[in-house]
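# Tertiary structure, described
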Amino acid sequence: MRDMASCFNDYSVKVSDTSCTSTSNLACYPTNLMPSTKNAVSCLYKTKLSTQKQLYITVSWCKNLTSQGLSINVGETSSSDFKFNTDYRLFKRKKGTRKFESGNSKIELHWDISMANYGIEPEPINGFYVAVLADSELVLLLGDISGEELASKKFMSGLKKITKFSLVSRREHFYGNNLYETKAQFCDPGTAHDILIKCTREDGPVLSVLIDKKKVIRVKRLQWNFRGNRTIFVDGLLVDMMWDVHDWFFNPASSGNAVFMFRRRSGLDTKLWLEEKVVQKEQQERVEFSLLICASKNP
């Protein structure tokens, strides 16, 4: 599959009409269609040390019929590949520590998922923590551990500083029906919005996107409009929404992969962001949040 950005031209951007978000367009879930299953999530975080060195941390969770898995990668560059490591030997122990070097930084990983509670998604709901230290600075902390509990941990004895981190992108993998439910927060601080993507058959295949139960995008004749993009407003921000469902119609022998992306824009540009622009933004530390959904028929 080609890179999504290369599929679009400069004249394809359309801002959704304000009528698209009216309450008259509230949509109901199909009564005969269950939501797809989310079996993998990967979150990319960005942080900066006191030395001004920038680090990227990828935390991935996966779930199958028998177990959950966790993978962590730390480096000085971010990766655009959508891959989930299926080898979780590092995390066969549900509680532990690992130390290694990445670039010129000394990295410490500390995790405890022994008491984690899971819902229907790969990520635990509570009862866990994941902590990442770089050069004795706390650069990432996930979970529901309190400040007092964290301070009592032995690995915090040499802590020099607590560094802020931000979520750059979130990538989710679904399988099953053509109905996908998730949440996204497009600015920090901001509100987490419910997102629903569904494909139904009316006078033909129709793609609908709802945010907080309000229909913001509706694409008719999806078999001909299998790639495209729209621009919507969320929390006063411009968000580009792109889709590629080519394999649904023209490669049925495959797993039927489809890709949907939401990406916040940095300004009121009239042009859709391109891959080269993304790389430039990363270099200039102005990476905007994105949500990527990969959907397939099978796990």
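Further up the page is the structure itself.
These lines cover the structure that appears in this document, whether it is placed above or below. Computed from a predicted structure; not experimentally measured.

### Examining the overall build of the chain
Of the regular secondary structure elements, the chain holds 3 helices and 19 strands. The buried share among the 299 residues of the chain stands at 46%. The long-range fraction of contacts in the chain, counting pairs at least 24 apart against all pairs at least 6 apart in sequence, stands at 55%.

### A word on the nonpolar core
Judged by nonpolar contacts, the single largest core of 29 residues is most densely connected at Ile197, Phe260 and Phe262. For this core, the elements supplying multiple residues, two or more each, are strand 12 (179–184), strand 13 (193–201), strand 14 (205–211), strand 15 (214–219), strand 16 (227–234), strand 17 (237–244), strand 18 (258–264) and strand 19 (290–296). Sequence-distant contacts of Phe260, defined by excluding residues within four places in its chain, comprise Tyr180, Ile197, Leu207, Met241, Met242, Trp243, Val245, Trp248, Leu291, Leu292, Ile293 and Ala295. Judged by nonpolar contacts, the second largest core, of 23 residues, contains Val41, Ile57, Ala116 and Leu142.

### Here's the deal with the pairing of strand 2 (residues 54–63)
When you tally the buried positions in strand 2, you get 8 out of 10 residues, the bulk of the element. By the bridge criterion, 9 bridges tie strand 1 (residues 37–48) to strand 2 in an arrangement that is antiparallel. Looking at strand 2, one finds that Val41 is bridged to Trp61. Between strand 1 and strand 2, which pair antiparallel one after the other, the connecting turn spans 5 residues, and Gln52 there sits at a positive phi close to 75°. Two elements, strand 2 and strand 3 (residues 68–75), share 8 bridges in a ladder whose sense is antiparallel. Opposite Cys62, over in strand 3, you have Gly69 as the bridge partner.

### Focus: the pattern of salt bridges
Under the counting rule described, the total for this entry stands at 9 salt bridges. A salt bridge links Lys53 to Glu76, with the nearest nitrogen and oxygen atoms 3.9 Å apart. Here the residue Lys53 occupies a position in the loop between strand 1 and strand 2, and Glu76 occupies one in the loop between strand 3 and strand 4 (95–102), the gap between them amounting to 23 residues. The salt bridge partner of Lys183 is Asp194, with a shortest N-O separation of 2.3 Å. Note that Lys183 is positioned in strand 12 and Asp194 in strand 13, a separation of 11 residues in sequence.

Conventions adopted
Residues numbered from 1 in each chain as written. Predicted model: local features only at pLDDT ≥ 70, side-chain atom pairs only at ≥ 80, totals over all residues. Heavy atoms only, no water. Helix = DSSP H or I, 4+ residues; strand = E, 2+ residues; numbered from the N terminus. Buried < 20%, exposed > 50% of the residue type's maximum accessible area, 1.4 Å probe, protein only. Contact = heavy atoms within 4.5 Å. Core = buried A, V, L, I, M, F, W, Y, C linked by side-chain atoms within 4.5 Å. Pairing = 2+ DSSP bridges. Salt bridge = Lys/Arg side-chain N within 4 Å of Asp/Glu carboxyl O.

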